[in-house]
Amino acid sequence: MSTVHIVGAGIAGLAAATWLLAAGRRVAIHESAGHAGGRCRSFFDETLDRTIDNGNHLLLSGNVAMMDYLRRIGAEDQLTGPSRAAFPFVDLSDGSRWTVEPNAGPIPWWILLSGRRIPGTSVFDHFSALNLATANADATVVEAVGGEGPLFRRFWEPLAVAVLNTPAETGAATLLWRVVRETFGRGATACLPLIAREGLSQTFIEPALTYLEANGAKIAFNRRLRAIEREGDAVTALDFGDVDVSLDSTDSIILAVPPAAATSLLPGIEAPLESHAIVNAHFRLEGAPAAVIGGMPFLGLVGGVAQWLFVRGDIVSITVSAADALAEESAERIAELTWADVAVALDLPASPIPPCRVVKERRATFAQTPAAEMRRPGPRSPLGNLFLAGDWTNTGLPATIEGAIRSGKAAARAVAT
C-alpha cells in the first residue's frame, strides 16, 4: 500500500492525517519539534504552576470543519461555552459594557432593538455590513466599512484585528466577510462561542494522536526536513539529515509547515511571507473570578491594549493581536500594560501585578492583507506527488484553527484524487 508522508504535526497536518486514515490510506508523520500541535498546544508553566495554552482561541459553533474534526477524533465534548450566542464587551476608556447577542435565523432583527445594539450606534450604521459583503478583492476593512464611529471602534475594528491578526487599515475585507457570513450571517446557532474545556492540547492534539496511533499511523518527532529530492516533477526522497526516506512511485507528501519553511524547501512557489505577532499574557489570581459578564468565560476589550480576555479557573489570559510593536517590549512591561486592562475589566486592584507568563508569537500568522490573500497557493504544488497544507494556503478563510483544519482536509482530498 502506498504511504502519504505528512511533514508537520500542527493542526493542519493532524487534520490531513485523520481524513486520510478514515479513507483507508497509510500515513507517516514527520515533526521537527518534540511535540505535536504547533501553535495550537498547551504546556505546563512553572511560574504559574498551571497548564496554559500557547495562545487563546475563541471558537464558534459555525466552524463546521473543526466540529467534524473533533467528532472524528472523539473530542467533541472537550469544548465548552455558554448556551446562547452572546459576546460581552467592555470599553476600557469609559467603563461602558454591552453584549452583542445575535438572534436565531439569518435576518438580524436584533439590530432594530436599541437595547441590543452596540452603544452609540443606529440601525443604519449596521448596514455597513453590506459594504463588507460587496467589497472588492483589493479592499481593506476600513475601505469597506469606514474607519470612524462607534460601530467601527466597538465592533468592526476589534473583530477585524482579532480575526485577521492584522490592523483594520490593512486587513482584507473579503476575508473578514467570509467569517461574518459563516457565523453571524447564519444566526445564533452558528455563533455559539466555544473554548477548550481544559486546554488546546487536551482538545485538539492529544485525542488526535490517540486516534492516529489506534489507526496505524507512524509518528516521528524531532525530525526536521532538510531537503526534498526530486526527479522531474516528482519527489523521490525526503532528507531529514540523519535519515533519508525514499518514496515509491505511488507515495505522496503533504507539506504542512509554515510558509517560510515551505518556500525554502520548494523555491519558486508563491506564499504570503509577511507576518504579524500575537502576544498573550497569563495571570494567576488568588482565587477564580466567578464570571466575566453573565457567566461568560471571555470578554471583548475595546479602548485598551488587548482585544480579548479569557478566564479558566484562577488563570486570566489576555490576547493582543497585530502586536508587532508590543512584542518588542520586555515581558515585565507587557505584564504591566496588559494587567492594567485586566484590572479595569474585572474590577481588580491595579497593583500588585500577580504572577504572569508572557508568550510572544512573533510570526503568529501571515499578514492577512488583500495582496497576501492573492499569494496564497492551493493544495497542489508544481510537483505531482507533493501537496500543501496550512492556514496560510488558500482556504478561503483567515489563518484560524478552522482554516488550518480545512487546509488539511483539502490536501487530503487532493491526494486522493
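Residues numbered from 1 in each chain as written. Predicted model: local features only at pLDDT ≥ 70, side-chain atom pairs only at ≥ 80, totals over all residues. Heavy atoms only, no water.

## Brief notes about helix α1 (residues 11-22)
Point 1. With twelve residues, α1 extends 17 Å from end C-alpha to end C-alpha; this agrees with the ideal 16 Å at 1.5 Å per step.
Point 2. Among the twelve residues that make up α1, eleven are buried, leaving the element largely enclosed by the rest of the structure.
Point 3. Among the residues of α1, those classed as buried are I11, A12, G13, L14, A15, A16, A17, T18, W19, L20 and L21.
Point 4. On the buried face of α1, the contacting elements are β1 (3-7), β2 (26-30), α2 (64-73), α7 (200-214), β14 (252-255) and α11 (401-416). (Helix = DSSP H or I, 4+ residues; strand = E, 2+ residues; numbered from the N terminus. Expected span 1.5 Å × (residues − 1). Buried < 20%, exposed > 50% of the residue type's maximum accessible area, 1.4 Å probe, protein only. Contact = heavy atoms within 4.5 Å.)

## With respect to helix α5 (residues 150-164)
Point 1. Taking 1.5 Å per residue, 15 residues should reach 21 Å; α5 reaches 20 Å between its end C-alpha atoms and fits that length.
Point 2. Along its length, α5 reaches its greatest deviation from straightness, about 35°, at W156, and the proline P158 lies no more than four positions downstream.
Point 3. All buried positions along α5 are accounted for by L151, F152, R154, F155, W156, P158, L159, A160, V161, V163 and L164.
Point 4. In the stretch just after α5, N165 is the one whose phi turns positive, near 50°. (Bend = angle between axes of the 7 residues up to and from the residue.)

## Digging into the pattern of salt bridges
Pairing is possible between side chains that carry opposite charge, provided their charged atoms lie close to one another.
Point 1. Taken as a whole and judged by the stated rule, the model has 18 salt bridges.
Point 2. The partner of E336 in a salt bridge is R333, with the nearest N and O atoms 2.9 Å apart. Here E336 pairs with R333, and both are found in helix α9 (residues 331-346), just three residues apart, close to one helical turn.
Point 3. A salt bridge links E402 to R406, with the nearest nitrogen and oxygen atoms 2.8 Å apart. Separated by four residues within a single helix, E402 and R406 lie in helix α11, roughly one turn from each other.
Point 4. Overlapping salt bridges bring together D49, R50, R284 and D314 as one network. (Salt bridge = Lys/Arg side-chain N within 4 Å of Asp/Glu carboxyl O.)

## Some words on the environment of E336
Point 1. E336 sits in the partly exposed class, given a relative accessible area of 42%.
Point 2. The sequence separation of E336 and A144 amounts to 192 residues, and the corresponding C-alpha distance is 35 Å.

## What to know about the sheet that holds strand β19 (residues 356-366)
Point 1. Within the open sheet, the seven strands sit side by side as β8-β7-β16-β17-β18-β15-β19. Their pairing is mixed. Among the strands making up the open sheet, the edge pair consists of β8 (97-100) and β19. Strand-to-strand, the axes of this sheet are offset by a mean angle of 25°, without reference to chain direction.
Point 2. Two elements, strand β17 (residues 308-312) and strand β18 (residues 315-320), share five bridges in a ladder whose sense is antiparallel. Counterpart to V311 in the pairing with β18 is V316. (Pairing = 2+ DSSP bridges. Axes fitted to C-alpha atoms, helices over the stretch in contact; angles between N-to-C directions.)

## Some details on unusual backbone geometry
Peptide bonds are, in most cases, trans, and in most cases residues other than glycine have a negative phi.
Point 1. Following S351, the chain continues into P352 via a peptide bond in cis, with omega recorded as 0°.
Point 2. Topologically, P352 is positioned in the loop between α9 and β19.
Point 3. A positive phi angle, close to 55°, is found at D49, a residue other than glycine.
Point 4. On the secondary structure map, D49 appears in the loop between β3 (42-45) and β4 (50-53).
Point 5. A positive phi angle, near 55°, is found at D347, a position not held by glycine.
Point 6. As for its position among the elements, D347 is in the loop between α9 and β19.
Point 7. Take D347: its relative accessible area is 70%, and that puts it in the exposed class.

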